[in-house]
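# Topology and contacts: notes
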Amino acid sequence: MKTHFFTKGIFVLLLFGSIISCRQKPADSSVVQSGKYRKSLKEAYQKVGLFCTSNFIPGVTVAVSIDNQLVWADGFGYSNYELKVKASPAHKFRIGQLTELITALTAAKLQEEGKLRLDKPVAEYLPEMTKKPIDFTIRQLGAHTAGIRAENVPAGKGNTYTIESVARSFMDDDLVFEPGSYYLHTELGFDLIGYILEKTSQIDYAKLVRETVLDTLKLDKTTPDSPNRIADSKSSTYDYDFIAQPIVAGPIDLRGKEASAGYLSSVLDLVKIGNVILYPGFLKQETIQTLTTPYVVKEGQASLYGFGLIVSKDTKDRIFYGQRGSVPGGSATLLIYPDVKMVIAMTANIPNNTWDFPVFDLAEIFRNQLHPEQKEKP
């Protein structure tokens, strides 16, 4: 999850700056600029502006929370480039596989309510599974250690449009490794979790998520992405052509992928989700521990994943939690530093095929103000 992006000269910035404008937009009601972090914000604006301009990104939004307080939220460029609609922190973007965290929170809450057991064998929830040479649990699905194969087609490009049909398209396939012995990221594991949640609750998955998580946390800017539904304040979607220039994205259909890659959200909601991981309340502390503890595979090696979260260390050996996603027409990243209670969310209306969001750079900028004694000398 290392941050990197194209480094281009001043000539390139001047040449293309008029094509994709990532200038700071005029303030709107969702923009937040904390005076306490004025010094950090100046550098952060420069960092994000350079990032989205040099990567030809039509629109980017960013939000930063420290100690459960929103200290920065703003948009760069356009949520709709053709109509010159400025990107706003309140706009909804496709978040791709970051959707997995929403599913993980739903499953974790249902376990607290006694409606689910993460360590129960999946076969006990799905007796219709015909091939069970080696059993695996919901927890292993959420940690990508169940042995489920990787998806064959990108999210939104398949022809199965319900959670059940997606699950049935692969759930009887042979496993690619013994459960618990290795880890391999696959959307299909979360597709299967979604099917289990829907089947055991007898409630439509999107409704279950709304009632269990979204309404409780007041995440009113998070919703499934459906081609049959108009989503208020949804960003337009873009992709890159063969010479890495932005174009209008082609149509995709994320129905059936609601548990793994099919949601829209805003950076304002994503920061709230990040703070759920830092502060007990919605979840108990022991449940948060489940989400943020790396699954230990055979031979005692810690995997990269907790339950629905990446759990790792940065280049300075500091623990962070995170999640990221990318589908045609959108991408998102969430970074959480538990030691300083910092959450950073970024979204874009174009997939991150050749770059990563500069969330670690932003974290360092705000850390330097929080702890100037730790700032490295040039």
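Refer to the preceding data block for the structure.
Attention here is on the structure that accompanies the text. (Residues numbered from 1 in each chain as written. Predicted model: local features only at pLDDT ≥ 70, side-chain atom pairs only at ≥ 80, totals over all residues. Heavy atoms only, no water.)

## Observations regarding helix H2 (residues 38-54)
Given a rise of 1.5 Å per residue, 17 residues ought to cover 24 Å, and the 24 Å separating the end C-alpha atoms of H2 matches this to within 8%. When H2 is considered as a whole, its buried residues turn out to be Ser40, Leu41, Ala44, Tyr45, Val48, Gly49, Phe51, Cys52, Thr53 and Ser54. Phi turns positive one or two residues past the end of H2, at Phe56, with a value near 55°. (Helix = DSSP H or I, 4+ residues; strand = E, 2+ residues; numbered from the N terminus. Expected span 1.5 Å × (residues − 1). Buried < 20%, exposed > 50% of the residue type's maximum accessible area, 1.4 Å probe, protein only.)

## A look at unusual backbone geometry
Both trends apply: most residues other than glycine have a negative phi, and most peptide bonds are in trans. The phi angle at Phe56 is positive, at roughly 55°, despite the residue not being glycine. With respect to the helices and strands, Phe56 occurs in the loop between H2 and strand E2 (59-66). Of note, the phi angle at Lys218 is positive, near 60°, even though the residue is not glycine. Along the chain, Lys218 turns up in the loop between helix H8 (205-217) and strand E6 (223-224). A relative accessible area of 60% places Lys218 in the exposed class.

## Description of H8
Compared with an ideal rise of 1.5 Å per residue, which puts 13 residues at 18 Å, H8 spans 17 Å between its outermost C-alpha atoms and is within 8% of the ideal. Remark: the principal bend of H8, roughly 40°, maps to Glu211. Residues of H8 that are buried include every one of Tyr205, Leu208, Val209, Thr212, Val213, Leu214 and Leu217, and no others. Packed against the buried residues of H8 are helix H3 (99-112), helix H6 (163-168), helix H7 (187-201), strand E9 (263-265) and helix H9 (267-278). The opening residue of H8, the one whose side-chain oxygen lies 3.2 Å from the backbone nitrogen of Ala206, is Asp204. The first or second residue beyond H8 is Lys218, which carries a positive phi of 60°. (Bend = angle between axes of the 7 residues up to and from the residue. Contact = heavy atoms within 4.5 Å. Polar contact = N/O pair within 3.5 Å; in protein donor to acceptor, adjacent residues only side chain to side chain.)

## Description of the side chain of Ser65
Examined against the element boundaries, Ser65 turns out to sit in strand E2. In this structure the side chain of Ser65 is engaged in a polar contact, spanning 3.1 Å, whose partner is the side chain of Asn275. Those residues in contact with Ser65 that lie beyond four places of it in its chain are Leu70, Val71, Val271, Asn275, Lys341, Met342 and Val343.

## Topic: the environment of Phe282
Take Phe282: it is sitting in the loop between H9 and helix H10 (285-292). The class for Phe282 is buried, based on a relative accessible area of 9%. When the C-alpha atoms of Phe282 and Lys109 are compared, they prove to be 8.0 Å apart, with 173 residues separating the residues in sequence. What Phe282 contacts, discounting residues up to four positions off in sequence, is Leu105, Lys109, Glu112, Thr212, Val213, Thr216, Leu217 and Val276.

## Examining the layout of surface pockets
Reported here for the second largest pocket is a volume of approximately 270 Å³. If you trace the second largest pocket, you find 19 residues lining it, with Val153, Gly158, Thr160, Val166 and Ser169 closest to the centre. Residues that form the lining of the second largest pocket fall into these classes: seven nonpolar, six polar and six charged. (1 Å grid on protein atoms, 1.4 Å probe; cavity = no way out; pocket = protein on both sides within 12 Å on 5 of 7 lines; lining within 4 Å. Points joined across faces, edges and corners; volume = space filled by probe spheres on them. Nonpolar A, V, L, I, M, F, W, Y, C, P; charged D, E, K, R; others polar.)

## Concerning the pairing of strand E13 (residues 342-348)
Strand residues, when the strand is regular, have side chains that alternate between the two faces of the sheet. With seven of seven residues buried, E13 is to be regarded as a mostly interior element. By the alternation rule, side chains of E13 split into Met342, Ile344, Met346 and Ala348 and Val343, Ala345 and Thr347, which are all buried. Where E2 and E13 come together, seven bridges link them in antiparallel fashion. Residue Ala63 lies in a different strand from E13, and its bridge partner there is Ala345. Looking at chain direction, strand E12 (residues 330-337) and E13 are connected through seven bridges and run antiparallel. By the bridge assignment, Ile336 is partnered in E13 with Val343. (Pairing = 2+ DSSP bridges.)

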